[in-house]
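A structural walkthrough
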Amino acid sequence: MIKIDEILKRAAGRMGIDRAELKKFFDHGEQRTYAAEEWLFHESTPRRWGGIILDGEVEIVRGLHGSTRHYAVLGAGQMISEDAFLGDVPHSSGAFTRLGATVWQITTDQIDAFRTEKPELFYRIVARVASGISERLRVVSQNLAHVESPVHLKGAVRLEHDSLGEREIPEQAYYGVQTLRAMENFHISGVYVKNFEHMIEALAFVKKAAALANHELGVLEADKMKAICDACDELLTGKLHEHFTVDMFQGGAGTSTNMNANEVIANRGLEILGHKKGEYDHLHPNDHVNCSQSTNDAYPTAIKLAVLLSLKDLLAAMNELKEALGAKAEEFADVLKMGRTENQDAVPMTLGQEFSAYAVMIESAMVALERASDEFHDINMGATAIGTGINSPPGYADMVTQKLTEISGFTLRRARNLVEATQNAGSFAQMSATMKRAAVQISKICNDLRWMSSGPRCGLNEINLPPMQPGSSIMPGKVNPVIPELVNQICYQIIGYDAVVSMAAEASELELCMAEPIIAYDLLHGMLILKNGCITLTSRCIVGIEANRDVCRQYVENSIGLVTALVPVLGYERSAAIAKEALKTGGSVFNLVLEKGWMTKERLDDMLRPENMTDPREILK
């Protein structure tokens, strides 16, 4: 591990800054260690710190929408989130560490204080930071300049044919004739397979596992197997994703997506073998890449793997939300407020209890999602067309499942009945319903946040949400709860997706569910937007919530709901009479009980002390 002092010594020399002064500033920071696969920050979230990597590697990625680009890998001694020195701008990319990393971090509050106290020194540091950012952008621009968009390429072409005839394919494209026809037939949503990197990764897992199993069973030569595996490995590193150009909305039960994968892998494999794209005599999309497979087993297996990969991302984001809510529960543990049922005053509670309930709600949704994912480990590879295994060698189903387990890292099981597994979309429907449950629970929390923050003068005004943007083009000073509103709408979409998935799963007829493409889109897109919604809700709302303690307390003290505490002593009838009289006259429960002589002041003070009303306790009559 590099020591911070060593880094500062080198940096001070490059900047022409006194080392002692630079060290004095960085001494305000602290060391933070991140576990393997942990995110340091997410794209679009507010910057909280700038820092220097002391140990390990951090990957910089961009793309919240399923098509992630890996821009850089930063190592020890390099700055990270350095834009924090340049101003209040959100992260333009995300950062995570695959194997773990240690970072020295300076908070944005400390950076702002340093700007005020030592402006000359601060702007020398900023100049160096800006130079480093400029160099990084130059490298990124060069990389982007070499990215080809196969849909718009002009120039040389190659001829490919299928059972319908010949077509010209751009020479630079790795897809083939069947993908081209699908691009023309299914120009529907503008949302392509390339937008879902986990789907491409899953397809690569499936094709690699099939190649390994076929070679071991003697039906695929070693050189072809290796070329297919090498091409799949490239897909797994993020290469060639732009060539997955088929619309997610498609007919054919996923055949177009399967052939898109077969053609890209075959053409890249041909290059690896020293041949040109389209020379399929040497490596064929159907005969070799799709060997011992059908769309009807390869595609649903890929969907399941893509969902499992996406679920890991979603659960990580939900866990951050849960922890943020739990932190607020602790922060608000002493804030007394009025509980409400059916939007009417009920009995006192603490704001901490309310947020604690939300944290448990998220945890329960996470447990349900993990439980629903268990069936996704049952796959129908080896079923081929309808579950009978036609055109696959003996032992293939068991072997390809074993290979896929080894490659993907998921403990997969061969489905007990391959005919049933090929036509039954029930596990997809179950996962969709469980996602809907999570969406309903998260949306309920957002509803409560909007209610509790309503006002500020003419609403409940129990909490303040962080102001994110002006709320009106006509009403000055208005600030809306835009983040909970956003997440509400995400949840509505997922609830709608569940209806679609239910219909699509029910549409399975005889030996196959033809509507698996829309199931794939709704599950993967639903997980994607729910993950992003949780990240946004956490970073742009929950962590910045403040309690209006005095307002909460006043509601409790003026509430008729306090009379509930008197029921064990006065009985329900007399307590109800007091409540009715207090409502009619505007008087307080406390004074009315004293006037009637039903209790002493000392006893009332104890009974009605709000702190005694938030947990069960023994009451002496």
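The structure we're discussing is the one just above.
The notes below deal with the structure included here. Everything numeric in this text was worked out from a predicted model, so none of it was measured.

1. A short note on the packing of aromatic side chains
- This structure, assessed with the given rule, holds 8 aromatic pairs.
- A ring pair is formed by Tyr497 and Tyr521, whose centres lie 6.1 Å apart and whose planes are at 70 degrees; its orientation type is edge-to-face. Remark: Tyr521 occurs in helix α16 (residues 516–540) and Tyr497 occurs in helix α15 (residues 482–506); sequence separation between them is 24 residues.
- Tyr497 sits in the buried class, given a relative accessible area of 9%.
- Ring-pair connections join several aromatic residues into one group, and the members of that group are Phe196, Phe249, Tyr497 and Tyr521.
- Of note, Lys596 hangs over the ring of Trp598, and the distance from its end group to the ring centre comes to 5.6 Å.

2. So, the nonpolar core
- One finds Met199, Phe355, Leu449 and Leu537 to be the most contacted residues of the largest nonpolar core, which totals 122 residues.
- A per-element tally of this core places helix α10 (residues 295–331) first, with 18 residues.
- Once residues lying within four places of it in the same chain are set aside, the contact partners of Phe355 are Leu325, Lys328, Ala329, Phe332, Leu449, Met452 and Ile545.
- Leu8, Ala84, Phe85 and Phe114 belong to the second-largest nonpolar core, a separate cluster that totals 18 residues.

3. A few points about the sheet that holds strand β1 (residues 30–34)
- Strand order in the open sheet formed by 4 strands is β1-β8-β3-β6, and the pairing between neighbours is antiparallel. Two strands lie at the open edges of the sheet, namely β1 and β6 (79–80), each paired on one side alone.
- By the bridge criterion, 2 bridges tie strand β3 (residues 49–56) to β6 in an arrangement that is antiparallel. Bridging from a neighbouring strand, Ile52 pairs with Met79 of β6.

4. Let's talk about helix α20 (residues 589–596)
- Residues Val589, Leu592 and Val593 constitute the buried set of α20. Across the axial projection of α20, the buried residues extend over an arc of 100 degrees, all falling on one side.
- Of the surrounding secondary structure, the elements contacted by the buried residues of α20 are α18 (567–570), α19 (572–585) and α21 (601–607).
- Gly597 sits one or two positions beyond α20 and adopts a positive phi of about 70 degrees.

5. Side note on the layout of surface pockets
- By volume, the largest pocket is sized at about 990 Å³.
- Lining the largest pocket are 36 residues, with Trp39, Glu197, His198, Glu201 and Asp313 sitting closest to its centre.
- Tallied by class, residues from the lining of the largest pocket come to 14 nonpolar, 13 polar and 9 charged.
- There is about 860 Å³ of room inside the second largest pocket.
- Listed by contribution, the elements that provide at least two residues to the lining of the second largest pocket are β1, β2 (38–41), β8 (101–107), α10 and α16.
- The dominant element in the lining of the second largest pocket, judged by the number of residues it contributes, is α10, at 7 residues.

6. A look at the environment of Pro90
- You can see Pro90 is positioned in the loop between β6 and β7 (94–97).
- Once the C-alpha coordinates of Pro90 and Arg47 are considered, the two residues, 43 residues apart in sequence, prove to be 5.5 Å apart.
- Beyond its immediate chain neighbours, meaning those up to four positions away, Pro90 contacts Ser44, Thr45, Pro46, Arg47 and Arg540.

7. Description of the environment of Glu557
- Along the chain, the position of Glu557 falls in helix α17 (residues 549–557).
- Residue Glu557 is classed as partly exposed on the basis of its relative accessible area of 47%.
- Counting along the chain gives 186 residues from Glu557 to Arg371, while the straight-line C-alpha distance between them is 44 Å.

8. Some thoughts on the packing of helix α14 (residues 426–452) against α16
- Contact pair α14 / α16: the axes reach a minimum separation of 11 Å and the direction vectors enclose 30 degrees. Judged by the inter-axis angle, α14 sits roughly parallel to α16. α16 is crossed by α14, and the crossing has left-handed handedness. Counted together, Phe428, Met431, Ser432, Met435, Ala438, Ile442, Cys446 and Leu449 of α14 and Glu516, Ile519, Leu523, Gly526, Met527, Leu530, Cys534 and Leu537 of α16 form the full contact between these two elements.
- Tallied by class, residues from the contact of α14 with α16 come to 13 nonpolar, 2 polar and 1 charged.

About the criteria used
Residues numbered from 1 in each chain as written. Predicted model: local features only at pLDDT ≥ 70, side-chain atom pairs only at ≥ 80, totals over all residues. Heavy atoms only, no water. Phe/Tyr/Trp six-rings, centres within 6.5 Å; stacked < 30°, edge-to-face > 60°. Helix = DSSP H or I, 4+ residues; strand = E, 2+ residues; numbered from the N terminus. Buried < 20%, exposed > 50% of the residue type's maximum accessible area, 1.4 Å probe, protein only. Lys NZ or Arg CZ within 6 Å of the ring centre and 35° of its normal. Core = buried A, V, L, I, M, F, W, Y, C linked by side-chain atoms within 4.5 Å. Contact = heavy atoms within 4.5 Å. Pairing = 2+ DSSP bridges. Arc of directions from axis to C-beta. 1 Å grid on protein atoms, 1.4 Å probe; cavity = no way out; pocket = protein on both sides within 12 Å on 5 of 7 lines; lining within 4 Å. Points joined across faces, edges and corners; volume = space filled by probe spheres on them. Nonpolar A, V, L, I, M, F, W, Y, C, P; charged D, E, K, R; others polar. Axes fitted to C-alpha atoms, helices over the stretch in contact; angles between N-to-C directions. Parallel < 35°, antiparallel > 145°, perpendicular 65-115°, else oblique. Left-handed = near helix turned anticlockwise from the far one by under 90°.

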